[in-house]
Amino acid sequence: MTVLERRSASWKNSFGQHPEDEQQRERGREGGGCLLCQTVSDPETVSDPERAISWLRSGGPPGEGGTGQELIQGRIVGGYAPAPYSIKYIVSIQSTRGQHFCGGSLINKYWVLTAAHCTIGVEQMMIVAGDYSLSMYEGTEQFFIPQLLIPHPQYNKITNNADIMLIKLKAPVYLNSYVSIAPLPRQSASVAEGRLCRVSGWGFTSSSGGQIPSSLRTVKLPIVSTAKCNSSESFNGNITSNMICAGYSAGEKDACKGDSGGPLVCEGQIYGVVSWGMGCADAKYPGVYTAVSKYRRWIDRTIFSYYSHCIKD
């Protein structure tokens, strides 16, 4: 069996029926009367495993010529490879043909936090937890299809404000020594200027591209004050109160395009979601992240609303 077939076989076996906890898993509630409870029909790949393998081999669903949507990729710049499976909350968001294009964080067995711009359509995406190397099957991966994509209602594609999204999974993740949940800061909590935080992801290791490493990368970055980030020498007023900046004055270390949606972790909590920037690792322009603490109340209310509506229905 090839590596691709093994990864596909693992994907097929992970949709809601992990062999180690089939009896213990919670069942997702599906209702018929509310927006958040509407169920998206399963892709044909779930009911037809052989077709799933065919799709992955050809690079896309039949009829699309094996092309699909072109996805921008990028990598942590100036970072290093962490110990395998030491960053257990991170997930790879991929197309159904297995191409990584964004990162995300597990904040609940059923929920992933990422950036609002990280979407190519709910039926064209899959979520991979427990992964370290994207180029090989390691036996630790869990594959899921999303049920709902819930971008923040105030997300603005032009200003990048409110660039945050919740993904509801159809089946819960199995928490083990490779997969865990990351805590979030309280509403409006702040992180001090200069505090070292860590951002992680899969992608190019230089701003100009180069060879793509397959394993997860991470880098530590200091928080930059909003005043400095908003100065005329930097982003010149384009940083809103819902964003935070992180990076070194000399540049050289940063998140980059394909790291979008990934976590910026400070003091053990997800304070930022990789959002945007001006190039990568530029001394004048730190990386810009969605400030998660500004949306903690929205996150909690959205998740609570999903279950409360479903119970009523």
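Residues numbered from 1 in each chain as written. Predicted model: local features only at pLDDT ≥ 70, side-chain atom pairs only at ≥ 80, totals over all residues. Heavy atoms only, no water.

## Thoughts on the overall build of the chain
This is how it is decided: Numbered from the N terminus, helices here are DSSP runs of H or I no shorter than four residues, and strands are runs of E no shorter than two. Burial classification: accessible surface area is computed with a 1.4 Å probe over protein chains only, and a residue below 20% of its type maximum counts as buried, one above 50% as exposed, and the rest as partly exposed. Between two residues, a contact is recorded if the distance between any of their heavy atoms is within 4.5 Å. Only the protein chains shown count as cover for residues, and all accessible areas are computed by the Shrake-Rupley method using a 1.4 Å probe.
Scanning the chain for helices and strands turns up 5 helices and 13 strands. By the burial criterion, 55% of the 313 residues in the chain qualify as buried. Sequence separation of 24 or more characterises 74% of the internal contacts of the chain that already satisfy a separation of 6 or more. Within the structure as shown, the chain displays about 13,800 Å² of accessible surface, and the carbon and sulfur contribution to it stands at 48%.

## As for the nonpolar core
Soluble, globular proteins show a tendency: their nonpolar side chains are buried together. Quick note on the threshold: Here, nonpolar core refers to any group of buried Ala, Val, Leu, Ile, Met, Phe, Trp, Tyr and Cys residues whose side-chain atoms link them within 4.5 Å.
Residues W111, L113, L166 and I299 are the most contacted members of the largest nonpolar core, which totals 48 residues. Of all the secondary structure elements, the ones that give two or more residues to this core are β1 (90-95), β2 (100-108), β3 (111-114), β4 (125-129), β6 (146-151), β7 (165-169), β12 (269-276) and α5 (296-312). In terms of residue count, the dominant contributor to this core is α5 (5 residues). Among residues more than four places away in sequence, those in contact with L113 are G104, S105, I107, I164, M165, L166, L184, G261, I270, V273, V292 and I299. In this structure, V191, C197, Y271 and Y289 belong to the second largest nonpolar core, which totals 15 residues.

## Quick notes on the pattern of salt bridges
Here is the rule: Here a salt bridge means any side-chain nitrogen of Lys or Arg lying within 4 Å of a carboxyl oxygen belonging to Asp or Glu.
Under the counting rule described, the total for this entry stands at 2 salt bridges. Taking the shortest distance from any N to any O, the salt bridge between E267 and R195 comes out at 3.0 Å. Placement of the pair is E267 in the loop between β11 (263-266) and β12 and R195 in the loop between β7 and β8 (196-201), with a sequence separation of 72 residues. Judged by its relative accessible area of 47%, E267 falls in the partly exposed class.

## Observations regarding the state of the cysteines
Each disulfide consists of one covalent bond between the sulfur atoms belonging to two cysteines. Here is the rule we go by: Two cysteine sulfur atoms make up a disulfide if the distance between them is within 2.5 Å.
The final tally for this structure, using the stated rule, is 3 disulfides. Two residues, C197 and C266, share a disulfide whose sulfurs are 2.0 Å apart. Disulfide C197 to C266: torsion about the S-S bond roughly 110°, handedness right-handed. With C197 in strand β8 and C266 in strand β11, this residue pair connects regions lying 69 residues apart in the sequence. What makes C197 buried here is its relative accessible area of 2%. With relative accessibility at 0%, the residue C266 sits in the buried group. Covalent S-S linkage joins C229 and C245, the inter-sulfur distance amounting to 2.0 Å.

## Here we look at the sheet that holds β3
To keep it simple, the criterion reads: When DSSP finds two or more bridges between a pair of strands, those strands are recorded as paired. Here an axis means a line fitted to C-alpha atoms, over the contact stretch when the element is a helix, while the angle between two N-to-C directions is reported on a 0 to 180 degree scale.
Reading across the sheet, the 7 strands line up as β5-β4-β1-β2-β3-β7-β6 and stay open at both edges, with antiparallel pairing between neighbours. In this open sheet, the two strands that pair with only one neighbour each are β5 (142-144) and β6. Mean inter-strand twist for the sheet, computed between neighbouring axes without regard to direction, equals 30°. Of the strand pairs in this sheet, β1 and β2 are connected by 5 bridges, and their pairing is antiparallel. From the neighbouring strand, I90 faces β2, where its bridge partner is S105.

## Some thoughts on the sheet that holds β11
Sheet strands pair via backbone hydrogen bonds, and the direction of the pair is either parallel or antiparallel. Taken together, the 6 strands give a closed barrel; going around it, the order is β8-β9-β10-β13-β12-β11, and neighbouring strands pair in antiparallel fashion. This sheet shows a mean twist of 45° between the axes of neighbouring strands, independent of strand direction. Two strands pair when backbone bridges link them, and β8 and strand β9 (residues 217-224) are joined in this way by 6 bridges, in the antiparallel orientation. Within the sheet, the bridge partner assigned to R198 lies in β9 and is K220.

## Here's the deal with the packing of aromatic side chains
So the rule is basically this: Ring pairs are drawn from Phe, Tyr and Trp, using the six-membered ring of Trp, whenever the two centres fall within 6.5 Å, and their geometry is named by plane angle: stacked under 30 degrees, edge-to-face over 60, tilted for the rest.
Tallying each qualifying case throughout the model produces 6 aromatic pairs. Ring-pair connections join several aromatic residues into one group, and the members of that group are Y85, Y132 and Y178.

## What to know about the side chain of S200
Note the cut-off: Two N or O atoms count as a polar contact when they lie within 3.5 Å, although within protein this holds only if one can serve as hydrogen donor and the other as acceptor, and sequence-adjacent residues are included solely when both atoms are side-chain atoms.
The topology assignment puts S200 in strand β8. There is a polar contact of 2.9 Å between the side chain of S200 and the side chain of T218.

## Some points on unusual backbone geometry
The backbone phi angle of N160 is positive, close to 70°, even though this residue is not glycine. The topology assignment puts N160 in the loop between β6 and β7. Among the residues examined, N160 registers a relative accessible area of 18% and is labelled buried. You will see that S188, though not glycine, has its phi angle at about 65°, which is positive.

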